[in-house]
Amino acid sequence: MKHLGILAHSAEGSALCYLAACHEGSRQLGPHLHPDITTSVIAMGHSMPAWERHALQPIRATLAVTVQRLLAAGCDFFLCPDNTAHLALQAQGPALALPGLHIADVVAKAARDAGHRTLGVLGTRWTMEGPLYREALERQGLACRSPAHEDRALVHRLIFEELCNGVLRDASRAECLRVIARLAQSGCDAVVLGCTEIPLLIGPGDSPLPTLDSTRLLAARGVAVALGKAPFPSWRGGPVH
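Within each chain, residues carry numbers counting from 1 in the order of the written sequence. For this predicted model, a pLDDT threshold of at least 70 governs which residues receive local features, and a threshold of 80 or more governs which side-chain atom pairs are given and counted, while totals over whole chains, interfaces and linings are taken from all residues. Values shown for side chains rest on all heavy atoms present in the structure; no hydrogens or waters enter the calculation.

## Points about empty space enclosed by the protein
The way it works is a 1 Å grid over only the protein atoms, where trapped points that fit a 1.4 Å probe form a cavity and open points with protein on both sides within 12 Å along at least five of seven lines form a pocket, and then any residue with an atom within 4 Å of a point lines it. Grid points are joined across faces, edges and corners, and a volume is the space filled by probe spheres set on the points. Under the defined criterion, the tally for this structure stands at 1 cavity of 30 Å³ or more. Space inside the largest cavity adds up to approximately 110 Å³. What lines the largest cavity is a set of 18 residues, among which Met-44, Asp-82, Thr-84, Thr-124 and Phe-160 lie closest to the centre. Sorting the residues of the lining of the largest cavity by element identifies helix H2 (48–53), helix H6 (125–129) and helix H8 (149–161) as the ones contributing at least two each. Each residue gets one of three labels, nonpolar for Ala, Val, Leu, Ile, Met, Phe, Trp, Tyr, Cys and Pro, charged for Asp, Glu, Lys and Arg, and polar for the others, Gly among them. Residue classes in the lining of the largest cavity are distributed as 8 nonpolar, 8 polar and 2 charged. Numbering of helices and strands runs from the N terminus; a helix is a DSSP stretch of H or I covering at least four residues, while a strand is a stretch of E covering at least two.

## Some words on the sheet that holds strand S5 (residues 143–145)
In this scheme, strands are said to pair when DSSP sees at least two bridges between them. Reading across from one edge, S5-S4-S6-S7 is the order of the 4 strands in this open sheet, with parallel pairing throughout. Pairing within the sheet leaves two strands with one partner each, and these edge strands are S5 and strand S7 (211–213). Between one strand axis and the next, the sheet turns through 30° on average, direction left out of account. Sheet contacts for helix H7 (residues 132–139): strand S4 (118–122), S5 and strand S6 (190–193); angle to S5, the most-contacted strand, approximately 160°. By definition in these notes, contact holds between two residues if any of their heavy atoms fall within 4.5 Å. Angles shown run from 0 to 180 degrees and are taken between the N-to-C directions of axes, each axis being a line fitted to C-alpha atoms and, for helices, limited to the stretch in contact. Where helix H11 (residues 214–226) meets the sheet, its contacts fall on S6 and S7, and the angle it forms with S7 comes to roughly 50°.

## So, H11
Between its terminal C-alpha atoms H11 stretches 18 Å, which fits the 18 Å expected from 13 residues at 1.5 Å a residue. Each residue is assigned to one of three classes by its accessible area relative to the maximum for its type, calculated with a 1.4 Å probe on protein chains only: buried under 20%, partly exposed between the two thresholds, exposed over 50%. Of the positions making up H11, those classed as buried are Ser-214, Thr-215, Leu-218, Ala-219, Gly-222, Val-223, Ala-224, Val-225 and Ala-226. Within 3.5 Å is the distance limit for a polar contact, defined as a pair of N or O atoms, with the added protein rule that one can donate a hydrogen and the other accept it, and that residues adjacent in sequence qualify only through two side-chain atoms. Measuring from the backbone nitrogen of Thr-215 back to the side-chain oxygen at the start of H11 gives 3.0 Å, which picks out Asp-213 as the cap. Where H11 terminates, the next one or two residues include Gly-228, which has phi positive at roughly 75°. Here the expected length of a helix is defined as 1.5 Å per residue gap, with one fewer gap than residues.

Below, the structure is given as structure tokens:
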């Protein structure tokens, strides 16, 4: 059994991923059982100025330090339960100390397997406006759509002002569901919850579209890899092909 490392960036999403991995382990192995899991994090606040400048290299360097710490703790591979952080991880740079799963590829493959064709994406503005999901979905022959500009600004604000701080408001849930409904009207047949905190606010029974929960999909795939039921990853950061 492989030792799973969680490369955390935002606190709430990484905590949800840890719990989801433990629960998936218990589902497959029995009560209170799961693969060895180590989580390491350098506070996201140190990287926020670089995010605002869209300076990916210093963010990648910080994340690489965390991967090195996971290696030192005995981890065999890593999960990064932060969608936006993958923009930095897949930027050019030295190979990371451990191989890892790419969250957008995990979600895109799940979308293809479920028979979806056009995916709306919710997340930070960098995730919604950047190439992360567009490229991953294109690799699976799927289309990607983002919310309208004003809706992207709303979702981005809710993530950083509320969800990353553990604040869950019914009014914010209603706003996100309105955004999803607009994506459905634009032709989307499912929506990617492409920020690992969004599943804390929106459950499958809430949404007018089928949801792809990036946090739990990543955790489930990580457990499958740890148990030898899914291929061991080879990606060590840098561009994905």
